[in-house]
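Understanding the architecture of this molecule
What follows is the residue order along each chain.
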Amino acid sequence: MGAQGAGNCRAGESPAQANGLIRAAHPLSTNDHQRSFQVRTESKRIMVIGGGIAGLTAAWELAGLGAQVALVEKADYLGGHAIRYSCKATDECKQCGACAVESMLKNVVNEPAISVHLATEVTSINKNGNFKVSLKKTGTTKDAKACGAGYTADPTGCAAVKGYSLNNAKFYRADGSLDPATTGKADALEVDAIVVATGFTPFDPRIKSTYRYGELENVISGLDIETGKRANGKVLRPSDGKPPKKVAFIQCVGSRDERLGNLWCSQVCCPYALRTAQAMKHKDPELDVTIFYMDIQNTGNDFPVFYQQCKDEMKFVRNIPVDMYKTEDDRIRTRFMATEGSSEAMEEEFDLVVLSVGIMPAADNPTLAEAVGAPLNSDGFFACADKLNRSATGQEGIFVAGTASGPKTIAESIVHAGQSAGEVMKYLGRA
């Protein structure tokens, strides 16, 4: 799944090919414009803040267009949340985007024009012509270390390039060159433009206390099920390590919640939950799946067909459970209204309950917004200055990519990052 930046890459094209489109559209001859383009961009340096899928894509696109890129990531590994996602394929690809993250990560770590700064955060940004950025090491988590070249079934403590397995087997790629303690030593950089790609914070389901997440072992989040599936090759119950036979997915946990003030739809929860459920049923056709929902978000041209398949295979209940209890035989008893608008309460027991948590603004958005001088919108995401240019922040030289500006799927984040890269190059061309 390649990035398709508006005005940059068409479907199936590389950044180099996109550069060819720019040259072909210019009134100068190809050679003259190529020299002109190189003069304007060869000394340009761009900082991308955030090493998730949007940051990786923006960095790679910019490097392909001739810029030198500093990729700054506060965590001790690249890939963001999406590097933890598991493949949703059944007998065919479900376009979940999990493999796109690993593919783009490999592009970035093998690109000499991109310098990676792991376990590093921005402390201040000053503009006087260009941007002077101060950095500091954040320290690494646990006993993070480079695990050496090769593969290991146990990534614990590895600040590694976490690999991807088509069959969700235990499979992790550890790249010894990405030691967070030594990857990126600069304490200050000068750059000509900045792309904010700081991603999102998953909603903490503990806030919705009726679900008793953190108390009941077999009530887990969507991210938990992704991580467990990557580690074990299949979905297992945390309490006993056994495959569940009856599973409930609860949608809109943290999203579209007026009481919390989170009025937006996170967009990704419905397709990811349904793809996960369908992949589980593909491995175990006897698995009993119930989806509790308010509305199902339609995403993609083929979603209606996919949704109908899911309705044929699963039970859909248009209500959200309000209580969770542990039974004597280690199951989860849920309580909910029989039908929408009904006052009749029902109870049902499940082996596993999965909370589809929503996309929240990154916790450090306010601090970073103040540093770069770019405003946030009323929901706490980076605001777009122009409805026709979703990567412009209104602050000259500052651009935004991916979920830093609001909820997006992996595919949408890739496209948005490509668009942001194109706008950066337009800005540098004018400069």
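Here the residue numbering is sequential within each chain, running from 1 through the sequence in written order. Residues qualify for local features only when their pLDDT is at least 70, as the model is predicted, and side-chain atom pairs are given and counted only at 80 or more; totals for whole chains, interfaces and linings, by contrast, use all residues. As a rule here, side-chain values cover all heavy atoms of the structure and leave hydrogens and water aside.

1. What to know about the sheet that holds strand β1 (residues 45–49)
- DSSP-based pairing: two strands are paired if at least 2 bridges between them are found. A run of H or I in DSSP counts as a helix once it spans at least four residues, and a run of E counts as a strand once it spans at least two, with each numbered from the N terminus. Strand order across the open sheet formed by five strands is β3-β2-β1-β7-β18, with parallel pairing between neighbours. Two strands bound the open sheet, and with one partner strand each, they are β3 (114–117) and β18 (398–400). The mean inter-strand angle of the sheet, taken between neighbouring strand axes irrespective of direction, is 20°.
- With three bridges connecting them, strand β7 (residues 193–196) and β18 associate as parallel partners. In the sheet register, I194 faces β18, and the bridge partner there is I398. Every axis in this analysis is a line fitted to C-alpha atoms, fitted for helices over the stretch in contact. Angles between the N-to-C directions lie between 0 and 180 degrees.

2. Examining helix α8 (residues 365–372)
- Each residue is assigned to one of three classes by its accessible area relative to the maximum for its type, calculated with a 1.4 Å probe on protein chains only: buried under 20%, partly exposed between the two thresholds, exposed over 50%. For α8, the set of buried residues is N365, L368, A369 and V372. The buried residues of α8 occupy an angular sector of 105° when the element is viewed end-on, so they sit on one face. Opposite the packed face of α8, turned more than 90 degrees from it, sit the exposed residues T367 and E370.
- Working rule for contacts: check all heavy atoms of both residues, and any pair within 4.5 Å makes them a contact. Lining the buried residues of α8 we find β1, β4 (120–128), β7, β17 (359–361) and β18.
- At the exit of α8 stands G373, carrying a positive phi of roughly 75°. By construction, the arc corresponds to the directions joining the helix axis to the C-beta atoms.

3. So, the packing of aromatic side chains
- Working definition: rings of Phe, Tyr and Trp (its six-membered ring) pair if their centres are within 6.5 Å, and the pair is stacked with planes under 30 degrees apart, edge-to-face with planes over 60 apart, and tilted otherwise. As enumerated under the stated definition, the model contains nine aromatic pairs in all.
- Judged by centre distance (5.5 Å) and plane angle (80°), the rings of W264 and F381 are edge-to-face. You can see W264 sitting in the loop between β10 (246–253) and α6 (269–283) and its partner F381 sitting in the loop between α8 and β18, a full 117 residues away along the chain. The burial state of W264 is the same as that of F381; both residues are buried.
- Aromatic pair F303 and Y307: ring centres 5.9 Å apart, planes at 25°, arrangement stacked. On the criterion of helical spacing, the pair formed by F303 and Y307 is a turn pair, its members being four residues apart in helix α7 (residues 303–313).

4. Structural notes on the pattern of salt bridges
- In what follows, salt bridge is the name for a side-chain nitrogen of Lys or Arg lying within 4 Å of a carboxyl oxygen of Asp or Glu. The tally for this structure, following the rule as stated, stands at 20 salt bridges.
- The residue K246 makes a salt bridge to E348 at a minimum N-O spacing of 2.9 Å. One end of the pair, K246, is in strand β10; the other, E348, is in strand β15 (residues 345–350), with 102 residues separating them in the sequence. The pair K246 / E348 is uniform in exposure class, with both members buried.

5. Points about the pairing of β1
- Most of β1 is tucked away: four of the five residues are buried.
- Across five bridges, the pairing between β1 and strand β2 (residues 68–72) is parallel. Within the sheet, the bridge partner assigned to V48 lies in β2 and is L71.
- By the criterion used throughout, a crossover qualifies as right-handed when its path from the first strand across the helix to the second strand runs clockwise, the strands pointing away from the viewer. Assessed by its sense of winding, the connection that carries the chain from β1 through helix α3 (residues 53–64) to β2 is right-handed.
- Inspection of the sheet shows β1 paired to β7 by four bridges, in the parallel sense.

6. Regarding the packing of helix α5 (residues 222–232) against α6
- The geometry of α5 relative to α6 is characterised by a closest axis approach of 11 Å and an angle of 35° between their N-to-C directions. Here the hand of the crossing between α5 and α6 comes out left-handed. Of the residues in α6, those touching α5 at I225, E226 and K229 are Y272, T276, A279 and M280.
- Three residue categories are used. Nonpolar comprises Ala, Val, Leu, Ile, Met, Phe, Trp, Tyr, Cys and Pro, charged comprises Asp, Glu, Lys and Arg, and polar comprises the others, including Gly. Residues that form the contact of α5 with α6 fall into these classes: four nonpolar, one polar and two charged. Put simply, a crossing is left-handed when the front helix is turned counterclockwise from the back one by less than a right angle, and right-handed when it is turned clockwise.

7. Brief notes about the sheet that holds β10
- Spatially, five strands are ordered β9-β16-β10-β11-β12 in an open sheet, and the strand pairing comes out parallel. Unpaired on one side and paired on the other, β9 (219–221) and β12 (315–317) mark the two borders of the sheet. On average, each strand axis in the sheet is inclined to that of its neighbour by 20°, with strand direction left out of account.
- Bridge analysis of β9 against strand β16 (residues 352–357) gives three bridges, and the strand direction is parallel. Opposite I220, over in β16, you have V354 as the bridge partner.
- In this fold α6 packs onto β10, β11 (288–292), β12 and β16, with an angle of close to 170° to the strand it touches most, β10.

8. Quick notes on the nonpolar core
- One finds I46, L62, V195, V353, L355 and V424 to be the most contacted residues of the largest nonpolar core, which totals 67 residues.
- Here this core gets eight residues from one element, more than from any other, and that element is helix α9 (residues 410–430). Joining through side-chain atoms within 4.5 Å is the link that ties buried Ala, Val, Leu, Ile, Met, Phe, Trp, Tyr and Cys residues into a set, and such a set is a nonpolar core.

9. Let's talk about the confidence of the model for the protein
- For every residue, the predictor assigns a confidence score, pLDDT, that lies between 0 and 100. Here the protein shows a mean pLDDT of 81. Residues at 70 or above account for 79%.
- No element of the protein has a lower mean pLDDT than helix α1 (residues 15–25), at 30, and none a higher one than β7, at 98.
- Below a pLDDT of 50 lies the segment residues 148–153, which in the model reaches 14 contacts outside its immediate sequence neighbourhood of four places, other chains included.

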